Amino acid sequence: MAKRFFALPTETKMEIEIRKTPNFKGYSPLLSGNNDPMGAGDLQEGFEFGWENPNVNKNDAADASGVMAGANVWPSEAHLPGFREKVLRYYYASVTLGKSLFPLFALALDLPETFFADKTQHSAALMKLLHYPPQTGSIDERVIGIGAHTDWECFTILWQEPGIQALQVLNSEKKWINAPPIPGTLVINLGDQFARWTNDIFKSTVHRAINRSGVRRYSIPLFFGTDYNVELEPMPSCVSADRPLKYEIITAGEYVKARLQATYNH
Ligand SMILES: O=C(O)CCC(=O)C(=O)O
Ligand SMILES: [Fe+2]
């Protein structure tokens, strides 16, 4: 489905460009985003969407309220029959998987299993279909598939195209190591919301992607955060005299929106 979407004519994709839509939903063309402030733009195109109620034909107002409010936008059925339905089926399955991970993270932090339950009622989960054209010839390090960055939510569930090495992770020795796709697995990356909740006991993973495979690469991250109105306030057990508060307290929605603005208004 992602391949068929990105194969549409540019004019068709531009009809639902993120700049025309509420809160960064829709299509982002090549080089429109820049995740690394030192970079010159990300050599990827994307299609981004968030939660919508599966039982009604419009977005659930309660789920979509607040700073991140805004309906999803979709290519017309005439252009891509069945796209919305199939993509949402994968989205809902991924959201269910994501919800099942929160209790594990809570237990890892010595918190009650249900700690995140009331903070993740509305599935603040953004999914992005991504396409990276192959980069050939001499490579400008400032223009790569996606520049070095951390994700902004609690964690990311990432599907990568099998057989293509592109994703790299910065390890604790500040060296880039490959994170190749492993058949039948998904990558889980920790993000900034967890770093803020835990005052950096959970660190968000710095990563980037460069497609030098010679063929097109597709990937699908699902960025799963707490509800947008939840304050990212560190747990008391994560703050001490030796580990003073590192981050100002803001809501999850304010944080995600600020990062989206910085990425797409560069
Ligand atoms: O395409 C990938 O493997 C990584 C994508 C990514 O890091 C992102 O969209 O935040
Ligand atoms: Fe990322």
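Per an unreviewed UniProt entry, the protein goes by Fe2OG dioxygenase domain-containing protein and derives from Gymnopilus junonius. Quoted straight from UniProt, the Sequence similarities (unreviewed entry) entry for the protein says "Belongs to the iron/ascorbate-dependent oxidoreductase family."

Let's shift gears to the coordination of the iron ion (ligand 2). Around the iron ion (ligand 2), the donor atoms from the protein are His149 (NE2), Asp151 (OD) and His207 (NE2), and they sit 2.1 Å away. Mapped onto the polypeptide sequence, the residues donating to the iron ion (ligand 2) form the spacing pattern H-x1-D-x55-H. Comparing His149 with Asp151 shows no difference in burial state: the two are buried.

Inspection of every chain in the model, using the stated rule, returns 29 aromatic pairs. Plain terms: the ring middles of Tyr91 and Tyr92 are 5.7 Å apart, the flat faces sit at 70° to each other, and that makes the pair edge-to-face. Neither residue differs from the other here; Tyr91 and Tyr92 are each classed as buried. For the cation-ring pair, Lys119 lies above Phe115, with the distance from its terminal atom to the ring centre recorded as 4.0 Å.

For the rest of this paragraph, the subject is the site of ligand 1. Near ligand 1 you find Leu130, Tyr132, Ile146, His149, Asp151, Leu158, Leu167, His207, Arg217, Ser219, Pro221 and Phe223, and these make up its full shell. Between ligand 1 and His149 there is a distance of 3.0 Å, counted from an oxygen atom to a side-chain nitrogen or oxygen. Between Arg217 and ligand 1, the recorded distance is 2.8 Å, taken from a side-chain N or O atom to an oxygen atom. Protein burial of ligand 1: of its 300 Å² of free accessible surface, 96% is covered by the chains. Assessed atom by atom at 2 Å from the grid points, ligand 1 resides in the largest cavity.

For the rest of this paragraph, the subject is the pairing of strand 6 (residues 167–170). In terms of strand pairing, strand 6 meets strand 9 (residues 207–209) through three bridges, oriented antiparallel. Following the sheet pairing, Leu167 is matched in strand 9 by Ala209. Here strand 6 pairs with strand 7 (residues 176–178) via three bridges, running antiparallel. Pairing of Gln168 across the sheet is with Asn178, part of strand 7. With antiparallel pairing between neighbouring strands as the criterion, strand 6 and strand 7 make up a hairpin whose turn holds five residues, including Lys174 at a positive phi of roughly 65°.

Let us now look at the pattern of salt bridges. Enumeration over the complete set of coordinates arrives at nine salt bridges. Arg259 is the partner of Asp192 in a salt bridge, and the nearest nitrogen-oxygen pair spans 3.3 Å. Of the two residues, Asp192 is situated in helix 4 (residues 192–197) and Arg259 in helix 5 (residues 252–264); the sequence distance between them amounts to 67 residues. On the basis of relative accessible area, Asp192 is assigned to the buried category, the value being 6%.

What follows is about the UniProt feature "domain: Fe2OG dioxygenase" (unreviewed entry) in the protein. The positions that UniProt labels "domain: Fe2OG dioxygenase" (unreviewed entry) are, in the present scheme, residues 121–226. Annotation note: span residues 121–226, helix share 6%, strand share 38%, distance between end C-alpha atoms 8 Å.

The rules behind the values
- Residues numbered from 1 in each chain as written.
- Chains lettered and ligands numbered in written order.
- Predicted model: local features only at pLDDT ≥ 70, side-chain atom pairs only at ≥ 80, totals over all residues.
- Heavy atoms only, no water.
- UniProt positions renumbered as here; feature names shortened; annotations may be inferred.
- Donors = N, O, S within 2.8 Å, 3.2 Å for Na, K, Ca; no water.
- Buried < 20%, exposed > 50% of the residue type's maximum accessible area, 1.4 Å probe, protein only.
- Phe/Tyr/Trp six-rings, centres within 6.5 Å; stacked < 30°, edge-to-face > 60°.
- Lys NZ or Arg CZ within 6 Å of the ring centre and 35° of its normal.
- Near = heavy atom within 4 Å.
- Polar contact = N/O pair within 3.5 Å; in protein donor to acceptor, adjacent residues only side chain to side chain.
- Areas by Shrake-Rupley, 256 points an atom, 1.4 Å probe, with all protein chains shown as cover.
- 1 Å grid on protein atoms, 1.4 Å probe; cavity = no way out; pocket = protein on both sides within 12 Å on 5 of 7 lines; lining within 4 Å.
- Sits in = over half its atoms within 2 Å of the grid points.
- Pairing = 2+ DSSP bridges.
- Helix = DSSP H or I, 4+ residues; strand = E, 2+ residues; numbered from the N terminus.
- Salt bridge = Lys/Arg side-chain N within 4 Å of Asp/Glu carboxyl O.

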